[in-house]
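Examination of the molecular architecture
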Amino acid sequence: MFLLILALESSAHTLGVGIVDNGKIIANSKQMYKITDKGMIPARVADFHAKNVYKVIKDALEQANVRLSDLDAIGYTKGPGIGPCLHVGQLAAKHLGLELKLPVYPVNHAIAHIEVTKHLGKLKDPIALYVSGGNSQILGIENTPFKHYHIYGETFDIGVGNMLDNFARAAKLIPAWGSTVAKVAESGNYIDMPYSVKGMDFTFTGLQTNAVKRIGKEKLEDIAFSLQETAFSMLTEATERALMLTGKKELVLSGGVAQSKRLKEMLELMSKSHKIKFYDADNQFNADNGAMIALVAEKMYNSDLKINKNELNIDQKYKIDKVKILW
Ligand code: FE2
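Residues numbered from 1 in each chain as written. Predicted model: local features only at pLDDT ≥ 70, side-chain atom pairs only at ≥ 80, totals over all residues. Heavy atoms only, no water.

Here's the deal with the overall build of the protein chain
Counted only if it meets this: Runs of H or I in DSSP of at least four residues are treated as helices and runs of E of at least two as strands, each being numbered from the N terminus. For the radius of gyration, the atom set is restricted to C-alpha positions; the globular benchmark scales as 2.2 Å times the number of residues to the power 0.38. Here's how the labels work: a residue is buried when its accessible area is under 20% of the maximum for its type, exposed when over 50%, partly exposed in between, all with a 1.4 Å probe on protein chains only. By definition in these notes, contact holds between two residues if any of their heavy atoms fall within 4.5 Å. What sets the accessible areas is the Shrake-Rupley method with a 1.4 Å probe; for residues, cover comes only from the shown protein chains. Charge assignment: positive for Lys and Arg, negative for Asp and Glu; neither His nor the chain ends contribute. To locate a charge, take NZ of a lysine, CZ of an arginine, CG of an aspartate or CD of a glutamate.
Counting its secondary structure elements, the protein chain contains ten helices and twelve strands. Taken over the C-alpha trace, the protein chain has a radius of gyration of 20 Å; the compact-globule value for 327 residues is 20 Å, and the two agree within 12%. Split into buried and exposed, the 327 residues of the protein chain put 54% on the buried side. Within the protein chain, contacts between residues at least 6 apart in sequence are counted, and of these 75% link residues at least 24 apart. Element-wise, carbon and sulfur atoms account for 53% of the exposed surface of the protein chain, whose accessible area totals about 15100 Å². In the protein chain, the 40 positive side-chain charges and the 35 negative ones have mean positions that sit 2 Å from each other.

This is the structure in structure tokens:
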């Protein structure tokens, strides 16, 4: 029995279309808007998505070797994300739903990041460290007052990804993002930097300011290395605390910054010392992608959830802990 679900992801610079068939990812197609030193201008990114949406859908259908008429449901990212970009995915999904007379499911982007990793790692009830540009949170499922992702800890200011990008821009690294900082950090040595963890929460702006101030005064390799080491140690300490307090025995690392080798290494070591099962997905699923949205849309479909037409909107600040988990 086939159960084919196609979904669109368009919350930021990636336009992704994924197709799943009974929990199996059979297509994960994407096009990425290239970020310049001016950052992301929402209208330009949305324009890029609108121009590419049919091509990416077509690509995904070809990858999966299915036709539009074979589909059973459509999903899209409702939020959080950049308004004009989210609109492109929402409109395409609603259009497909209407044309093909299929149910449409609005998906929370953060939940999709965690669920895809959990699904691929075959984990049941993990703590999730969700780290991306705008987000840094430690989450896990709690059952009261309803089943939802509870936030155990989070950043009080900016996401760790944005901090690394901001540093990269200040240091004039090209491209100005975390993986370039990681490359520079390879030959660096440790210098002391401000470390700020309060329970399971943390802040990054103090660390960012300190690192940026050192540019030109100390070796860039040392600053990059120490910035990474400090930020990732903070995340590892807070995550360890969440694991100990909840007693959960599994850990997933999700989101764009999950592509960082050094962060994976630290979490792996910590998990090993507590006999925690650690899993991180292949990088194509850590970066924004359509397959993760399709997987959650499939779970919503299988939960017999009835979606009202007025729920097929976008929500730039769609909070993860407000979403009922029905599976
Ligand atoms: Fe994301």
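Quick notes on helix H1 (residues 42-64)
Note the following rule: The length a helix should cover is 1.5 Å for every residue beyond the first. Two axes enter the bend calculation: one fitted to the seven residues ending at the residue in question, the other to the seven starting there, and the bend is the angle between them.
The end-to-end C-alpha distance of H1, which contains 23 residues, comes to 30 Å, matching closely the 33 Å that a straight helix rising 1.5 Å per residue would cover. Taken as a whole, H1 carries its principal kink of about 50° at asparagine 52. All of the buried residues along H1 are Val45, Ala46, Phe48, His49, Asn52, Val53, Val56, Ile57, Ala60, Leu61 and Ala64. Structurally, H1 contributes buried residues whose contacts are with strand E1 (4-9), strand E2 (14-21), strand E3 (24-32) and helix H2 (83-100). Downstream of H1 by one or two residues, asparagine 65 has phi in the positive range, about 60°.

Thoughts on the side chain of serine 136
Under the convention used in this document: Nitrogen and oxygen atoms within 3.5 Å of one another constitute a polar contact, given that in protein one can donate a hydrogen and the other can accept it, and given that sequence-neighbouring residues count only through two side-chain atoms.
Mapped onto the secondary structure, serine 136 falls in strand E7 (residues 136-142). Exposure remark for serine 136: the relative accessible area of 1% places this residue in the buried category. There is a polar contact of 2.9 Å between the side chain of serine 136 and the backbone nitrogen of valine 160. Each residue touching serine 136, except ones within four places of it in the same chain, is listed here: Tyr130, Val131, Gly153, Glu154, Thr155, Gly159, Val160, Phe202 and Phe204.

Topic: the domain arrangement of the protein chain
What counts here: What marks off one domain from the next here is an automatic or database domain assignment. Buried area: the accessible area, evaluated with a 1.4 Å probe, that two parts lose upon being put together, summed over both parts. Salt bridges are identified by distance alone: a Lys or Arg side-chain nitrogen within 4 Å of an Asp or Glu carboxyl oxygen. Under the convention adopted here, Pro, Cys and the residues Ala, Val, Leu, Ile, Met, Phe, Trp and Tyr are nonpolar, Asp, Glu, Lys and Arg are charged, and Gly plus all remaining residues are polar.
Partitioning the protein chain into structural domains gives domain 1 (4-112 + 286-322) and domain 2 (124-281). The centre of domain 1, based on its C-alpha atoms, is set 27 Å off from the matching centre of domain 2. On the domain 2 side, the residues contacting the ten residues of domain 1 number 16 residues. Summed over both sides, the interface between domain 1 and domain 2 buries roughly 1000 Å², with carbon and sulfur atoms accounting for 62% of that surface. Taken as a group, Asn286, Ile320 and Asp321 account for 56% of the area that domain 1 buries against domain 2, more than any other trio of residues on that side. Taken together, the connections running from domain 1 to domain 2 amount to zero salt bridges. The interface formed by domain 1 and domain 2 holds two residue pairs in polar contact (both at pLDDT 80 or more) in total. Ranked by residues supplied to the side of domain 1 that touches domain 2, first place goes to helix H3 (residues 109-120) with three residues. Of the residues belonging to the side of domain 1 that touches domain 2, the class tally is five nonpolar, two polar and three charged.

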